[in-house]
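Listed below, chain by chain, are the residues.
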Amino acid sequence: MDGGSDIEVTAELVRELLHDQHPDLADRPVRLGARGWDNQLWRVGDDLAVRLPWATSEADALLRKEHAWVPVLAPRLPLPVPVPQRIGEPSERFPRPWIVTTWVPGTPADRAPATRGAEAAEALAAFLTALHRPAPDGAPDGRDRGGPLADHTDGVGRALDSATGLGLVPDPAAVRAVWEDAVAAPAWAGPPLWLHGDLHPANVLTADGTFCGVIDFGDLFAGDPAFDLAASWILLPDGAADRFLAAYRPAPDPATVRRARGWAVWRALSCILIGEAGVRGRPGGKATWGPPGQAALRRLTATAPGRRPDRLPAAGLRQGGQLGEDRA
């Protein structure tokens, strides 16, 4: 396990940790919520959850970041988010920090995509408009996220070649055109803004066809809003990205939209490869991530620079696998 503890996390362990450090919560029922990339999530009663790092060495710092910053940001956000309530310090029982947060009900969008395009576009635009405010000095950086798109050209090229070789991208030239146009766009000249930093389909919750919550702020950072705006092509149904961009404030300039399209390519290729790994039963794969990634590339390449209308890609990019990953 990369940086993780070899201690098996069980409901009994979670109850013992609560008993030791937050005894007023120890008598609540505990049940597994999900196992994500960095953390395990355990429900505590109906309204709380415990998040414990388990698979990466970075998870400790991400949890402490959430505990420090999310309570400051949450009151202004129009969608529910998991707000840290308590922190658990490393101990003999469990040698890493952990947090208690509020529980946000809903179904991850990789398992229940948004279907009401207008409502979902307005909800996402309102959320990001509220979040994207200038960040203070000392706000966290974005690890490998944000920054100049050109720094990611080699990685995007490798991902595109891999996905193309697997038969998952029928028109790689159109994908490259979107990416190259994004790389050529002027850089963000404004102040660093607060960004969620990880708006993939498993981190946005839906109910009744629209968005009802946003989870996992471990990658919260300050930077170019284009990074988060890319989510509109990943999360929204066909035709809704334009409505999102029209509703977001302040209205993004053309260069920001171009950069956002590039970050959407970056995210879509990642989703496609993670989805294919899930189809093939490989560790870390999530079959439910493939379809939204493929749909995003179809939307992006349909409006690629220089794209002729009579050469639009077909809607039927290959999809496969069983749906139904655990909430991450």
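Note: the structure precedes this text.
Structure report, in brief.

## Looking at the packing of helix H4 (residues 153-165) against helix H5 (residues 172-184)
Put simply, H4 and H5 touch, their axes get as near as 11 Å, and they point 165 degrees apart. As the angle between them shows, H4 and H5 are arranged roughly antiparallel. Handedness of the H4/H5 crossing: right-handed. Where H4 abuts H5, its residues Thr-153, Val-156, Leu-160, Asp-161 and Thr-164 lie against Pro-172, Val-175, Arg-176, Trp-179 and Val-183. Here the residues of the contact of H4 with H5 are counted per class, giving six nonpolar, two polar and two charged.

## What to know about the sheet that holds strand E6 (residues 107-108)
Taking strand neighbours across the sheet as the criterion, the three strands line up as E6-E8-E9 in an open arrangement whose pairing is antiparallel. Either end of the sheet is taken by a strand with one partner, and the two such strands are E6 and strand E9 (210-214). Taken together, the four bridges between strand E8 (residues 204-207) and E9 define a ladder with antiparallel strand orientation. Within the sheet, the bridge partner assigned to Val-204 lies in E9 and is Val-214.

## With respect to the pattern of salt bridges
Pairing between side chains of opposite charge can happen when their charged atoms approach one another. Under the defined criterion, the tally for this structure stands at 20 salt bridges. For Asp-238, the salt bridge goes to Arg-299, with nearest N and O atoms at 2.6 Å. You can see Asp-238 sitting in the loop between helix H7 (231-235) and helix H8 (241-247) and its partner Arg-299 sitting in helix H10 (residues 290-302), a full 61 residues away along the chain. In this structure Asp-238 comes out as partly exposed when scored by relative accessible area, which is 48%. A single salt-bridge network, built from bridges that share partners, covers Arg-145, Asp-198, Asp-219 and Arg-267.

## Quick word on the pairing of strand E5 (residues 98-102)
Along E5, four of the five residues are buried, which leaves the element largely enclosed by surrounding structure. In this structure, strand E3 (residues 48-53) lies alongside E5, joined through four bridges in antiparallel fashion. For Leu-48, the partnering residue across the bridge sits in E5 and is Thr-102. Strand direction decides the pairing type here: strand E4 (residues 84-88) and E5, joined by four bridges, are antiparallel. Looking at the pairing, Ile-87 lines up with Ile-99 of E5.

## Quick look at helix H3 (residues 117-131)
Its 15 residues place the ends of H3 21 Å apart at the C-alpha level, agreeing with the 21 Å of an ideal helix rising 1.5 Å per residue. Every buried residue belonging to H3 is among Gly-117, Ala-120, Ala-121, Ala-123, Leu-124, Ala-125, Phe-127, Leu-128, Ala-130 and Leu-131, and all of these are buried. The secondary structure elements touched by the buried residues of H3 are helix H2 (59-73), strand E7 (193-195), E9, helix H6 (226-229), H7 and H8.

## Side note on H10
If you check H10, its first and last C-alpha atoms are 18 Å apart, about what 13 residues at 1.5 Å a residue would give, namely 18 Å. Among the residues of H10, Gly-290, Pro-292, Gly-293, Gln-294, Ala-295, Ala-296, Leu-297, Arg-298, Arg-299, Leu-300 and Thr-301 are the ones counted as buried. Tucked into the core, H10 has its buried residues touching H5, H7 and helix H9 (254-279).

## A short note on the side chain of Lys-65
The topology assignment puts Lys-65 in helix H2. Excluding anything up to four places from it in sequence, Lys-65 contacts Val-70, Pro-140, Asp-141, Phe-217, Gly-218, Asp-219 and Leu-220.

## Quick look at the environment of Ala-189
Positionally, Ala-189 belongs in the loop between H5 and E7. Residue class for Ala-189 comes out exposed when judged on its relative accessible area of 79%. Sequence separation between Ala-189 and Trp-266 is 77 residues; the distance between their C-alpha atoms is 22 Å.

## Considerations on the layout of surface pockets
Here the largest pocket defines a volume of roughly 550 Å³. Residue lining of the largest pocket: 34 residues in total, with Trp-37, Asp-38, Asp-198, His-200 and Asp-216 positioned closest to the centre. Those elements that provide at least two residues to the lining of the largest pocket are strand E1 (30-35), strand E2 (39-44), E3, E5 and H9. Take the lining of the largest pocket: its biggest share by element is four residues, from H9. Broken down by class, the residue content of the lining of the largest pocket amounts to 13 nonpolar, nine polar and 12 charged.

## What to know about unusual backbone geometry
Put simply, Arg-249 and Pro-250 share a cis peptide bond, and its omega is -5 degrees. Among the structural elements, Pro-250 can be located in the loop between H8 and H9. Its identity is not glycine, yet Asp-208 carries a phi of approximately 55 degrees, on the positive side. As for its position among the elements, Asp-208 is in the loop between E8 and E9.

Conventions adopted
Residues numbered from 1 in each chain as written. Predicted model: local features only at pLDDT ≥ 70, side-chain atom pairs only at ≥ 80, totals over all residues. Heavy atoms only, no water. Axes fitted to C-alpha atoms, helices over the stretch in contact; angles between N-to-C directions. Helix = DSSP H or I, 4+ residues; strand = E, 2+ residues; numbered from the N terminus. Parallel < 35°, antiparallel > 145°, perpendicular 65-115°, else oblique. Left-handed = near helix turned anticlockwise from the far one by under 90°. Contact = heavy atoms within 4.5 Å. Nonpolar A, V, L, I, M, F, W, Y, C, P; charged D, E, K, R; others polar. Pairing = 2+ DSSP bridges. Salt bridge = Lys/Arg side-chain N within 4 Å of Asp/Glu carboxyl O. Buried < 20%, exposed > 50% of the residue type's maximum accessible area, 1.4 Å probe, protein only. Expected span 1.5 Å × (residues − 1). 1 Å grid on protein atoms, 1.4 Å probe; cavity = no way out; pocket = protein on both sides within 12 Å on 5 of 7 lines; lining within 4 Å. Points joined across faces, edges and corners; volume = space filled by probe spheres on them.

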